[in-house]
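The lines below spell out each chain.
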Amino acid sequence: MVRPNRPVFVLFGSSIVQFSYGLQGWGATLADHYARKADILLRGYAGWNSRMALQVVNKIFPKDAEFQPSLVILYFGGNDSIDPEVPDSTHVPLDEYVENMRKIALHIKSLSEKTRLILLSTPAVNEDQIAKCYGDNVGRTNEKSRIYSEACKQLGQELGDTVIDLWSALQERPDWLTTCFWDGMHLTKEGSEIVANKIKKALTEAEWEPSLYWTEMSDEFSDIII
């Protein structure tokens, strides 16, 4: 096994995370920026909600691990916000979603004094595009996404953690409805660019010691000269 000599960043979430390396996604962008500086580990599980994530958080982030992550970027919410009446719904009631995310966040922050956390809130969706791709809106509405996004933002404020408001961020682009999604809910290259830029901004503004912004981190083996 390759020993992690460099900081480790973990991306933990549902399909927005799992697919973040495809289509020039935001996870791939981070991996590119942090080449020789940090290892970006993908822990994405399409279709999952916060209830599922809470069941495995101790396995993904064991407290007795020899090495702990320097940064975790955490996202759940889109599947939680689905209408409970649709077949095979992954809906989680809002109050339970908040408590699940609270427990996950507190567990991650307890891993070490220098483990940092960024929360991604539930992104906006294009209901018409979802219906065209899947035959109906599969229980997703932009208003429900907003409600779960607001709940995540409030939780982040309570815990003192950085939260990136994806619901608002995607809609800052005037043509977001036609450019940000390939199926109304999963991100295109353009949608991922917005996410990556917001993460970059959060990392530059964070007053963390040591800094986790890539321009302020040294390259691994930079002292070796041929």
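For the structure itself, consult the block above.
Throughout this description, residue numbers start from 1 for each chain and increase along the sequence as written. In keeping with the model being predicted, local features are shown solely for residues with a pLDDT of at least 70 and side-chain atom pairs are shown and tallied solely at 80 or more, while totals for entire chains, interfaces and linings include all residues. Excluding hydrogens and water, the side-chain values take into account all heavy atoms of the structure.

(A) Region of the structure containing the packing of helix α2 (residues 26-33) against helix α9 (residues 189-205). As a rule, the C-alpha atoms of each element are fitted with a line to give its axis, helices using only the stretch in contact, and angles between N-to-C directions run from 0 to 180 degrees. Think of it this way: any DSSP run of H or I at least four residues long counts as a helix, any run of E at least two long counts as a strand, and we number them from the N terminus. Between α2 and α9, the shortest axis-to-axis distance is 8 Å and the interhelical angle comes to 45 degrees. Accordingly, the angle class assigned to the pair α2 and α9 is oblique. In the crossing of α2 with α9, the sense of the turn from one axis to the other is right-handed. On α9, the residues that touch Trp 26, Thr 29, Leu 30 and His 33 of α2 are Ser 192, Val 195, Ala 196, Ile 199 and Lys 200. Counted by class, the contact of α2 with α9 contains five nonpolar, three polar and one charged residues. What sets the label is the angle itself: under 35 degrees gives roughly parallel, over 145 gives roughly antiparallel, 65 to 115 gives roughly perpendicular, and the rest give oblique. By definition, any crossing whose near helix is turned counterclockwise from its far helix by less than a right angle is left-handed, and any crossing with a clockwise turn is right-handed. Contacts are residue-level and defined by heavy atoms, with any inter-residue pair within 4.5 Å sufficient. In the scheme used here, Gly and all other residues not listed as nonpolar or charged are polar, with Ala, Val, Leu, Ile, Met, Phe, Trp, Tyr, Cys and Pro taken as nonpolar and Asp, Glu, Lys and Arg as charged.

(B) Just the environment of Leu 117, in detail. Along the chain, Leu 117 turns up in strand β4 (residues 116-120). Under the scheme applied here, a residue whose accessible area is under 20% of the maximum for its type counts as buried, over 50% as exposed, and between as partly exposed, the area being computed with a 1.4 Å probe on protein chains only. The exposure class assigned to Leu 117 is buried, which follows from its relative accessible area of 3%. Leave out the neighbours within four places in its chain, and Leu 117 touches Leu 71, Val 72, Leu 74, Ala 105, Ile 108, Lys 109, Asp 161, Thr 162 and Trp 208.

(C) The packing of aromatic side chains, seen in detail. Only centres within 6.5 Å qualify two rings of Phe, Tyr or Trp (six-membered ring in Trp) as a pair; their planes then separate them into stacked at under 30 degrees, edge-to-face at over 60, and tilted for everything else. By the definition in use, this model includes nine aromatic pairs. The interplanar angle of 50 degrees and the centroid separation of 5.3 Å between the aromatic rings of Tyr 97 and Tyr 148 together place this pair among those described as tilted. With Tyr 97 in helix α4 (residues 94-109) and Tyr 148 in helix α6 (residues 142-159), this pair connects stretches of sequence that are 51 residues apart. Exposure remark for Tyr 97: the relative accessible area of 0% places this residue in the buried category.

(D) Layout of the pattern of salt bridges. One speaks of a salt bridge when a side-chain nitrogen belonging to Lys or Arg is within 4 Å of a carboxyl oxygen belonging to Asp or Glu. Following the criterion strictly, the structure yields 13 salt bridges and no others. In this structure, Glu 143 engages Arg 146 in a salt bridge whose closest nitrogen and oxygen atoms are separated by 2.6 Å. Highlighted residues: Glu 143 and Arg 146, both in helix α6, separated by three residues, approximately one helical turn. The exposure class of Glu 143 is partly exposed, given its relative accessible area of 41%. Overall, Arg 146 belongs to the partly exposed group, its relative accessible area being 28%. Note that Arg 173 and Asp 175 form a salt bridge whose closest N and O atoms lie 2.5 Å from each other. Overall, the relative accessible area of 27% leaves Arg 173 in the partly exposed class. For Asp 175, a relative accessible area of 31% corresponds to the partly exposed category. Overlapping salt bridges bring together Arg 6, Asp 39 and Glu 220 as one network.

(E) Local environment of the side chain of Ser 121. Position of Ser 121 relative to the elements: it lies in the loop between β4 and α5 (127-134). Overall, the relative accessible area of 0% leaves Ser 121 in the buried class. A distance of 3.0 Å separates a polar side-chain atom of Ser 121 from the backbone nitrogen of Leu 166. Apart from the residues within four sequence positions on either side, Ser 121 is in contact with Tyr 75, Ser 149, Cys 152, Val 163, Ile 164, Asp 165, Leu 166 and Trp 167. We call two N or O atoms a polar contact when they sit within 3.5 Å, provided that within protein one can donate a hydrogen and the other can accept it, with sequence-adjacent residues counted only if both atoms are side-chain atoms.

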